[in-house]
Amino acid sequence: MLSLANKGLLVVLSGPSGVGKGTVCSFLKSMNPGINFSISATTREARAQEQNGVNYYFLSKDEFINKIDRNEFLEWAEVYGNFYGTPKAVVEEQLVQGKDVLLEIDIQGACKVKESYPEGVFIFLLPPSKEELRKRILGRAADSPETIKKRLSCVDEELAAINNYHYVVVNDRVEQAADKVTAIIKAEKCRLSRNQDMLLNRRRSIID
Ligand code: 5GP
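Just so it is clear, the model here is predicted, and its values are computed rather than measured.

Moving on: the overall build of the chain. The helix and strand tally for the chain stands at nine helices and nine strands. Considering only C-alpha atoms, the chain reaches an extent of 70 × 40 × 30 Å along its principal axes. Within the span of the chain, comprising 208 residues, buried residues form 41% of the whole. The long-range fraction of contacts in the chain, counting pairs at least 24 apart against all pairs at least 6 apart in sequence, stands at 68%.

Reading across from one edge, β4-β3-β6-β5 is the order of the four strands in this open sheet, with mixed pairing throughout. The sheet is open, and its two borders are formed by β4 (57-58) and β5 (73-79), each paired with just one other strand. Along the sheet face, helix α2 (residues 61-69) touches β3 (41-42), β5 and β6 (82-87) and points at about 140 degrees away from the line of β5. Together, β5 and β6 form the strand contacts of helix α3 (residues 88-96), whose direction differs from that of β6 by roughly 30 degrees.

Under the definition given, this model contains six aromatic pairs. Judged by centre distance (4.9 Å) and plane angle (80 degrees), the ring pair of Phe124 and Tyr165 falls under edge-to-face. Of the two residues, Phe124 is situated in strand β8 (residues 121-126) and Tyr165 in the loop between α7 (155-159) and β9 (167-170); the sequence distance between them amounts to 41 residues. A residue is classified by how much of its surface remains accessible, and Phe124, at 0% relative accessible area, is buried. Overall, the relative accessible area of 11% leaves Tyr165 in the buried class. In this structure an aromatic cluster arises from ring pairing among Phe64, Phe73, Trp76 and Phe83. The ring of Phe37 carries the charged tip of Lys29 above its face, separated from the ring centre by 5.3 Å.

Below, the discussion takes up the sheet that holds β9. Strands belonging to one sheet form pairs held by backbone hydrogen bonds; the direction of such a pair is parallel or antiparallel. Sheet architecture is open: five strands sit in the order β2-β7-β1-β8-β9, paired in parallel fashion. A strand with exactly one partner marks an edge of an open sheet, and here the two such strands are β2 (36-37) and β9. As judged from the two bridges shared by β2 and strand β7 (residues 101-104), these two strands associate in the parallel manner. Each residue of the ladder has a partner; that of Phe37, found in β7, is Leu102.

Thresholds applied
- Residues numbered from 1 in each chain as written.
- Predicted model: local features only at pLDDT ≥ 70, side-chain atom pairs only at ≥ 80, totals over all residues.
- Heavy atoms only, no water.
- Helix = DSSP H or I, 4+ residues; strand = E, 2+ residues; numbered from the N terminus.
- Buried < 20%, exposed > 50% of the residue type's maximum accessible area, 1.4 Å probe, protein only.
- Contact = heavy atoms within 4.5 Å.
- Pairing = 2+ DSSP bridges.
- Axes fitted to C-alpha atoms, helices over the stretch in contact; angles between N-to-C directions.
- Phe/Tyr/Trp six-rings, centres within 6.5 Å; stacked < 30°, edge-to-face > 60°.
- Lys NZ or Arg CZ within 6 Å of the ring centre and 35° of its normal.

Any functional reading would require information that these geometric values do not contain.
Below, the structure written as structure tokens:
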């Protein structure tokens with residue numbers, strides 16, 4: 001297991017399908033230019049406007065399975081009939097270099113990351129209400145009726161996973177939600193346990 005003490009911060013932003021993780025992330029990108037946003041791999045079809053290597057790495061099922069076999073994912077999960085995974089090497093390299101990394105992943109993936117990286121910061125994005133979440137899922141023109149049905153059927157189970165997280169942010173107004181996530185990241189970076197090297201150097205420079 002990679003120890004994250006004095007390394008970059010690993011932030012996991014997760015929550016039910018349709019809660020608006022992607023939109024909040026778009027705001028976070030402009031508000032936090034210093035944070036690296038991990039690019040996931042997926043077997044789902046690219047949507048219009050999506051670019052390989054920018055939004056996702058779009059892989060065939062065989063390519064994805066080969067990567068699972070080679071242990072190249074930090075976590076992976078089957079989400080609504082497609083595979084999604086976080087490439088391990090690039091994330092670990094950035095963390096070791098002291099860079100902060102944000103993963104925008106589903107709830108199963110977040111659970112797996114928490115097992116191997118308990119020092120990460122786990123943020124659950126909550127919809128303002130269950131009814132609003134249903135409306136958002138039903139309004140996603142990009143999804144097939146079958147995918148919409150799958151997403152709706154998972155809502156209760158997904159909401160029940162909240163106790164596995166450190167923070168909850170309600171995505172009522174997207175800018176406010178992004179502000180709150182930014183505040184959480186700032187506070188986490190000030191944690192004593194994450195600043196041991198800096199403190200040691202300060203003490204030395206005061207004594208010398
Ligand atoms: P979408 O197909 O709408 O882009 O994403 C579907 C779901 O997959 C979303 O909940 C999204 O957060 C999740 N997802 C995206 N990338 C990853 C990943 O690398 N790992 C996991 N576990 N979930 C992901």
